[in-house]
Amino acid sequence: MTTTVDKSSPLQKPQLISTDQPPLKKQRTVSDLNQVDQLKQLTTVVADTGDVNAIKKFSPQDATTNPSLIYKAAVMPEYASIVDDAVAYGKGDLALTMDKLAVAFGTEISKIVPGYVSTEVDARLSFDTEGTINKARDLIKMYDEVGVKKDRILIKIAATWEGVQAAKQLEKEGITCNLTLIFSIAQAIACAEVGCTLISPFVGRIMDWHKKAKGVDGFAPTEDPGVMSVTAIYNYYKKYDYNTIVMGASFRNKEEILELAGCDRLTISPALLQELTNASSNVQQKLDASKAVNMDIPKIDMTESTFRWMMNEDAMATEKLAEGIRGFAADIVKLENIVKTKISAKF
């Protein structure tokens, strides 16, 4: 104990007074936080998975799924009951069962995350505006049946011209949309101009294309073509005050993620969330809406002909959009084959 002598009064004997104070509670600083927690201070972190247990682990604000992720989750033993329940609901109707399966996973996820859950329409409807609208309405109705309100759900649609027009109508009906497979500024502008709630511009797949085209092993984070694409979209949106949320997606490494710190949202796989959790280096804000406002960015009047011409001139965007749609469609077929087997055994 540390003491001092109190000599304030000559009539009293000196008193021993303790100067010990209760230890101050240590304040957490940025350097104490892992990179996920630091990132959450700059952007909204979203889990890119259909694995409910993985979502619980990282406590994201939102969660996104797609046919590939639902397929991976559906073949995991711990989710067999969800598949079985969807089969029972469908009563032998394959399309109905598939919709119920997507909604069932989304419903479970909605119990964990406080924000949006993205549920994707059948990729085979990517060039069918009316078909996409009808499918979205069906999915929202199914969610409503189990008490999940439509303001919790983002209907995920491939950003073809037809998909954008479907989103335009759905947004008018109060059905919020996430336009996915964004590889070009043309897609992004088209989505913003019809009032889409959110877009998912892809990062890693853009980098994949450029690595192959240029015969290189990779890019420095600041020179990553995918990072540069999302940055350009973000700056355009903030420059012209669009309300559409920019959510970077499809990351190949955590450096791509960190280079987009400050983006509205970033949807991240469990594996990369774990890498970020294990790291504690300082995370710096890279995207800043206040700076974008003063940037010299020409405005583009987006019409259907302009959209199609810009996509035609962008080999990467055209190829990756088509490839993405084919990939999601293939995973739907894989999932359908699993469901068909279960339907045959039950009915």
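Now for a quick tour of the structure. These numbers come from a predicted model, not from an experiment.

Analysis parameters
Residues numbered from 1 in each chain as written. Predicted model: local features only at pLDDT ≥ 70, side-chain atom pairs only at ≥ 80, totals over all residues. Heavy atoms only, no water. Helix = DSSP H or I, 4+ residues; strand = E, 2+ residues; numbered from the N terminus. Buried < 20%, exposed > 50% of the residue type's maximum accessible area, 1.4 Å probe, protein only. Polar contact = N/O pair within 3.5 Å; in protein donor to acceptor, adjacent residues only side chain to side chain. Contact = heavy atoms within 4.5 Å. Salt bridge = Lys/Arg side-chain N within 4 Å of Asp/Glu carboxyl O. Axes fitted to C-alpha atoms, helices over the stretch in contact; angles between N-to-C directions. Parallel < 35°, antiparallel > 145°, perpendicular 65-115°, else oblique. Left-handed = near helix turned anticlockwise from the far one by under 90°. Nonpolar A, V, L, I, M, F, W, Y, C, P; charged D, E, K, R; others polar. Pairing = 2+ DSSP bridges. Phe/Tyr/Trp six-rings, centres within 6.5 Å; stacked < 30°, edge-to-face > 60°. Lys NZ or Arg CZ within 6 Å of the ring centre and 35° of its normal. Disulfide = S-S within 2.5 Å.

A positive phi angle, near 55°, is found at L181, a position not held by glycine. Secondary-structure assignment places L181 in strand β7 (residues 177–182). Given a relative accessible area of 0%, L181 falls into the buried group. Here S250, not a glycine, exhibits a phi torsion of approximately 60°, which is positive. Here S250 is to be found in the loop between β9 (245–248) and α11 (254–258). Judged by its relative accessible area of 11%, S250 is buried.

Moving on to the side chain of T64. Inspection of the secondary structure puts T64 in strand β4 (residues 62–64). At 2.8 Å, the side chain of T64 forms a polar contact with the side chain of T267. Those residues in contact with T64 that sit more than four places away from it in its chain are V46, A47, D48, T49, L69, S118, K156, N178, M247 and T267.

Note that side chains of opposite charge can pair when their charged atoms are close. In this structure the tally under the stated criterion is 17 salt bridges. Where D144 meets K149, a salt bridge forms, and the shortest distance between an N and an O atom there is 3.6 Å. K238 is paired through a salt bridge with D264; the nearest N and O atoms lie 3.0 Å apart. Here K238, found in helix α10 (residues 225–239), pairs with D264, found in the loop between α11 and β10 (265–268); they are 26 residues apart in sequence, far enough to count as distant. When its relative accessible area of 17% is taken as the criterion, K238 is described as buried. Linked by salt bridges that have partners in common, D122, R124 and E336 make up one network.

It is at 8 Å that the axes of helix α4 (residues 80–90) and helix α5 (residues 94–110) come closest, and there the two elements cross at 140°. Overall, the two elements α4 and α5 adopt an arrangement that is oblique. Of the two elements, α4 crosses α5, and the hand of that crossing is right-handed. Residues I82, V83, A86, V87, Y89 and G90 of α4 form the contact with α5, whose own contacting residues are L96, T97, K100, L101, A104, F105 and E108. Classifying every residue of the contact of α4 with α5 gives 9 nonpolar, 2 polar and 2 charged.

The next subject is the sheet that holds strand β5 (residues 117–120). Reading around the circumference, β3-β4-β5-β6-β7-β8-β9-β10 is the order of the 8 strands in this closed barrel, with parallel pairing throughout. Across the sheet, the mean angle from the axis of one strand to that of its neighbour is 30°, orientation sign disregarded. Across 4 bridges, the pairing between strand β6 (residues 153–158) and β7 is parallel. Paired with A158 across the two strands is T180, which belongs to β7. Against the sheet, helix α12 (residues 270–277) engages β3 (44–48) and β10, with an angle of about 110° to β10.

Below, the discussion takes up the packing of aromatic side chains. A full pass over the atoms with the stated rule returns 6 aromatic pairs. Ring centres of F183 and F202 lie 5.4 Å apart, and the angle between their planes is 65°; on these two criteria the pair is classed as edge-to-face. In this pair, F183 sits in the loop between β7 and α8 (185–193) while F202 sits in the loop between β8 (198–201) and α9 (204–214), placing the two residues 19 residues apart along the sequence. This pair shows no difference in class: F183 is buried, exactly as F202 is. Relative to Y242, the ring of Y236 lies with its centre 6.2 Å away and its plane at 10°, an arrangement referred to as stacked. Each member of the pair Y236 and Y242 is classed as buried. Sitting over the ring of Y89, K100 keeps its end group 4.6 Å from the ring centre. Between the NZ or CZ atom of K299 and the centre of the ring of Y240, over which it lies, the distance is 5.5 Å.

Inspection of the entire model under this criterion finds 0 disulfides. Considering cysteine sulfurs only, C196 is the nearest to C191, which forms no disulfide, with 4.4 Å between them. No disulfide involves C263; its sulfur sits 14 Å from that of C191, the nearest cysteine.

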